[in-house]
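Below, each chain spelled out in residue letters.
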Amino acid sequence: MRRKFLFFIVLLIISLTVAGNVNLRDLTANEWREDIAFLERTLVKQHPDAFNKVSQEEFTRAFQKLQTDIENLQWYEIYTSLTALVAMIGDGHTVIYPYTVLRGFPVYPYSFKDGIYIIATDENNRELLNTRLVGVNGLDMKELLDVLRPVVSHDNEWGFISALPNYFTRVEIMKALNLTGEGDGLKLKLDKDGEIFERIVLPAEGDFQWVQERAQKTYIGQTNDNYWYELYPDSKLLHFHYDSCKSQEGKPFIFFICEMFSYMRRQDAERLLLDLRYNGGGNSLILEFFILRMMLDCKYNREGRLFVAIGRETFSSAILNAISMKKRTRAIFLGEPTGGSPRHYGAPRSFTLPNSGITVHCSTTFWRTTSDTSEAMMPDILIERSFEDYYYMRDPVVEYIESLPIPK
């Protein structure tokens, strides 16, 4: 969650300060129609099976309806409709990311096991920090999620929850879904320590600084590296953070792994946790050297000594790595279900709509690396994070492992 939030912040700041090359307000109805037709043709041509989760008839009707309704829609309603059309295909790699052309609300919601909380705001809305979101614009949370779900590309419900903040914070998407009020304000119903109150959050004006508040003011740890590790001496647990399936410049992965295992020997580490919870993918082959090394390791490739953490942000190539660890080692899996499916469409290529300049990402390959046809890869032990865990900066996965006896 930490890395994804930081990545989202960068994208949001860019979207608030950089104007697109095309002003969507200026497009004519015919230009929108050309883009809609181009989108339909390209999705069907490029996707391995565009009608895996939606029938061709339903898909075609949805495109035809948008073509018919164009004259009566505002640009942001057309944009949101395009996002929903792409989401109909039903895979998380086939998506219009709502980043660069839309305004933002300065509130960032995150879903914990005990509710959705506002975990970051701007200075003007500091009083909303760490409040539980009860409703929006007269809708309760279940109703709100039902309204948002059709516009969010996702493989499964965990992927939807993971992607939700990126849509919730976009003014024009919320406006198109009739979730805003006067002045494009977002009317929030919130719970703070049992007290229910309402506030209206207005769109951000230009750049701003995000504010967070937790029990500790600083976090000790690396957040910019693709992979890193830390040792918990008391429990003899080595925590290997693998946050991106990408080799890091100046830090070749093979050398990193050799150094990590050398460090483990010197420190007499007894257990190893591979953490894939914040890994959104990349090149699945990067981790192969580590997996092969684990297969041959008599000390760590044993039940109770090797663990893998997965979660809602485990996606794409990171899921392929998790599957490989499941097949080839004796690791115990902990955390949440993955945000992507074990068998999934991926290897996306992007294309641009000719008039609006909107970028669309579309899958090109179906990965059949497992016989598991479930919507998500499930952990052996389900461990969900509560808001209290977040606020006090506790990691329940690490705490669970540390509570276990070290095998002899």
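For helix α3 (residues 56-69), which comprises 14 residues, the first-to-last C-alpha distance of 20 Å matches the rise-based estimate of 20 Å (1.5 Å per residue) to within 8%. Within the span of α3, buried status applies to F59, F63 and L66. Seen along its axis, α3 keeps its buried residues to an arc of 60 degrees; they face one direction. More than 90 degrees from the buried face of α3, the exposed residues found are E57, R61, K65 and T68. Where α3 is buried, its residues touch α2 (29-46) and α4 (75-87).

This brings us to helix α6 (residues 157-168). Taking 1.5 Å of rise per residue, 12 residues should cover 16 Å, and α6 covers 16 Å from first to last C-alpha, within 8% of that figure. Along α6, 10 of the 12 residues are buried, which leaves the element largely enclosed by surrounding structure. What α6 keeps buried is the set G159, F160, I161, S162, A163, L164, P165, N166, Y167 and F168. In this structure N156 caps α6, since a side-chain oxygen of it lies 3.0 Å from the backbone nitrogen of W158.

Quick look at empty space enclosed by the protein now. This model, assessed by the stated rule, comprises two cavities of 30 Å³ or more. The calculated volume of the largest cavity comes to roughly 170 Å³. Every residue lining the largest cavity is counted, 15 residues in all, and those nearest its centre are Y110, R277, Y278, E336 and R385. Here the lining of the largest cavity is built from residues that sort into seven nonpolar, one polar and seven charged.

Opposite charge on two side chains permits them to pair, given that their charged atoms come into close proximity. This structure, assessed with the given rule, holds 25 salt bridges. When the shortest N-O distance is used, the salt bridge between D184 and K175 registers 3.2 Å. For the salt bridge of D395 with R277, the shortest nitrogen-to-oxygen distance reads 2.7 Å. You can see D395 sitting in the loop between α11 (387-391) and α12 (396-403) and its partner R277 sitting in the loop between β9 (271-275) and α9 (288-295), a full 118 residues away along the chain. For R277, a relative accessible area of 11% puts it in the buried group. Where salt bridges share partners, they join R103, E172, K175 and D184 into one cluster.

On to the nonpolar core. By size, the foremost hydrophobic cluster in this structure holds 59 residues, and its most contacted members are L43, L82 and F168. Here the element with the most residues in this core is α4; it accounts for eight residues. Judged by nonpolar contacts, the second largest core, of 34 residues, contains F256, M294, Y300 and V308.

The next thing to look at is the confidence of the model for the chain. In this model, the chain carries an average pLDDT of 92, and 93% of its residues clear a pLDDT of 70 or more. When the criterion is pLDDT under 50, residues 10-20 qualifies, and its contacts beyond four places in sequence or with other chains add up to 17 contacts.

Each value, and the rule that gives it
Residues numbered from 1 in each chain as written. Predicted model: local features only at pLDDT ≥ 70, side-chain atom pairs only at ≥ 80, totals over all residues. Heavy atoms only, no water. Helix = DSSP H or I, 4+ residues; strand = E, 2+ residues; numbered from the N terminus. Expected span 1.5 Å × (residues − 1). Buried < 20%, exposed > 50% of the residue type's maximum accessible area, 1.4 Å probe, protein only. Arc of directions from axis to C-beta. Contact = heavy atoms within 4.5 Å. Polar contact = N/O pair within 3.5 Å; in protein donor to acceptor, adjacent residues only side chain to side chain. 1 Å grid on protein atoms, 1.4 Å probe; cavity = no way out; pocket = protein on both sides within 12 Å on 5 of 7 lines; lining within 4 Å. Points joined across faces, edges and corners; volume = space filled by probe spheres on them. Nonpolar A, V, L, I, M, F, W, Y, C, P; charged D, E, K, R; others polar. Salt bridge = Lys/Arg side-chain N within 4 Å of Asp/Glu carboxyl O. Core = buried A, V, L, I, M, F, W, Y, C linked by side-chain atoms within 4.5 Å. pLDDT = per-residue confidence, 0-100.

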